[in-house]
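# Examination of the molecular architecture
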Amino acid sequence: MSHITHIALNDSNLPPPTPEIEQERKVAMFDLLEENSFSLPARDDRVAPDGPYHVDLSIRDKRLVFDIATEAGEKAAEFHLSLSPFRQVVKDYWAICESYYNAVKNMPPSQIETIDMARRGIHNEGARILQERLEGKAEVDADTARRLFTLVCVLHFGS
């Protein structure tokens, strides 16, 4: 499979992120660029350009937009996903993240670990939904879907 070599978030219309959200964003972007699996399948009898890819993520008209180009800058694909399937899991993810951030400040490690396990479960659910929504449009592995889901959450937070 091919991969992403550049990722950009179009968050210019969003409020400034909190330090925690900014940290989530930085970690997800770093981890995504370090290791990911992303390819475009052939669609409608058209051969998809080979990667590596540059991906721009944004939210436009209440839709998640993937704008994908080749390394040479040629348009490879663009697809729009409804945000509706993500709303509840994003809301749950930020709620559990807030609990986690608060727990780290003043709870014992056993309680932090319990909250972190719940956070990972919700994160995995969001990644699964993203993989389903991308079916037929892009092929991603579970780790790539998790990192992309984090970026969806970052974009969704301010929208």
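Structure's up top.
An account of the accompanying structure is given in this report. Model, not experiment: these values are computed from the prediction. (Residues numbered from 1 in each chain as written. Predicted model: local features only at pLDDT ≥ 70, side-chain atom pairs only at ≥ 80, totals over all residues. Heavy atoms only, no water.)

### Describing the overall build of the protein
Our working rule: Each helix corresponds to a stretch of at least 4 residues labelled H or I by DSSP, and each strand to a stretch of at least 2 residues labelled E; elements are numbered beginning at the N terminus. The classification of residues rests on relative accessible area computed with a 1.4 Å probe and restricted to protein chains. Under 20% of the type maximum is buried, over 50% is exposed, and intermediate values are partly exposed. Pairs of residues are marked as contacts when any of their non-hydrogen atoms sit within 4.5 Å. The method behind every accessible area is Shrake-Rupley, applied with a 1.4 Å probe, and residues are considered shielded solely by the protein chains displayed.
Helices and strands together make up the secondary structure of the protein, namely 4 helices and 6 strands. Taking the principal axes of the C-alpha coordinates as reference, the protein spans close to 55 × 30 × 25 Å. Sorting the 159 residues of the protein into buried and exposed places 42% on the buried side. For the protein, the proportion of contacts with a sequence separation of at least 24, taken over those separated by at least 6, is 62%. Counting only carbon and sulfur atoms, one obtains 49% of the accessible surface of the protein, whose full area is about 8,800 Å².

### Some remarks on the sheet that holds strand β1 (residues 4–10)
The line we're drawing: Two strands pair under a simple rule: DSSP has to find at least two bridges between them. Fitting a line to C-alpha atoms yields each axis, with helices limited to the stretch in contact; the angle taken between N-to-C directions then spans 0 to 180 degrees.
Spatial strand order, β1-β3-β4-β5: 4 strands in an open sheet with mixed pairing. Every other strand in the sheet has two partners, leaving β1 and β5 (75–82) as the edge strands with one partner each. Across the sheet, the mean angle separating the axes of adjacent strands is 15 degrees when strand polarity is ignored. Packed onto the sheet, helix α3 (residues 109–134) meets β4 (63–70) and β5 and runs at close to 120 degrees relative to β5.

### Let's talk about the environment of V140
Within the fold, V140 resides in strand β6 (residues 139–140). A C-alpha to C-alpha distance of 28 Å links V140 and Y100, two positions 40 residues apart in sequence.

### Notes on the pairing of β5
Bridge analysis of β4 against β5 gives 7 bridges, and the strand direction is antiparallel. Note that in β5 the partner of L64 across the bridge is L81. Taken together, β4 and the strand that follows it, β5, pair antiparallel across an intervening segment of 4 residues, in which G73 is found at a positive phi of about 90 degrees.

### Focus on the packing of helix α2 (residues 87–106) against α3
Filter applied, for reference: To sort the angles, those under 35 degrees are grouped as roughly parallel, those over 145 as roughly antiparallel, those from 65 to 115 as roughly perpendicular, and the leftovers as oblique. Each crossing is labelled by how the near helix is turned from the far one, with a counterclockwise turn of less than a right angle marking it left-handed and a clockwise turn marking it right-handed. Charged residues are taken to be Asp, Glu, Lys and Arg, nonpolar residues to be Ala, Val, Leu, Ile, Met, Phe, Trp, Tyr, Cys and Pro, and polar residues to be all remaining types, Gly included.
Two numbers describe how α2 lies on α3: the axes approach to 9 Å, and their chain directions differ by 155 degrees. In terms of axis orientation, α2 runs roughly antiparallel to α3. Pair α2 / α3 crosses with left-handed handedness. Facing α2, whose interface residues are V89, D92, Y93, I96, C97, S99, Y100, A103 and V104, α3 presents I112, I115, D116, A118, R119, I122, H123, E125, G126 and I129. Split by residue class, the contact of α2 with α3 holds 12 nonpolar, 3 polar and 4 charged.

### Some details on the nonpolar core
Nonpolar side chains in soluble globular proteins tend to end up buried together. Applied cut-off: Within this scheme, the nonpolar core is defined by two criteria: the residues are buried Ala, Val, Leu, Ile, Met, Phe, Trp, Tyr or Cys, and they are joined through side-chain atoms within 4.5 Å.
In terms of nonpolar packing, the biggest core is built from 47 residues, with L40, L57, F66 and I68 touching the most fellow members. At the level of elements, β1, α1 (19–34), β3 (53–60), β4, β5, α2, α3 and α4 (142–158) are the ones that each hand at least two residues to this core. Among the elements that take part in this core, α2 stands out by supplying 9 residues, more than any other. If near-sequence neighbours (up to four positions away) are discounted, L40 is found in contact with A48, Y53, I68, A76, A77, F79, K137 and A138.

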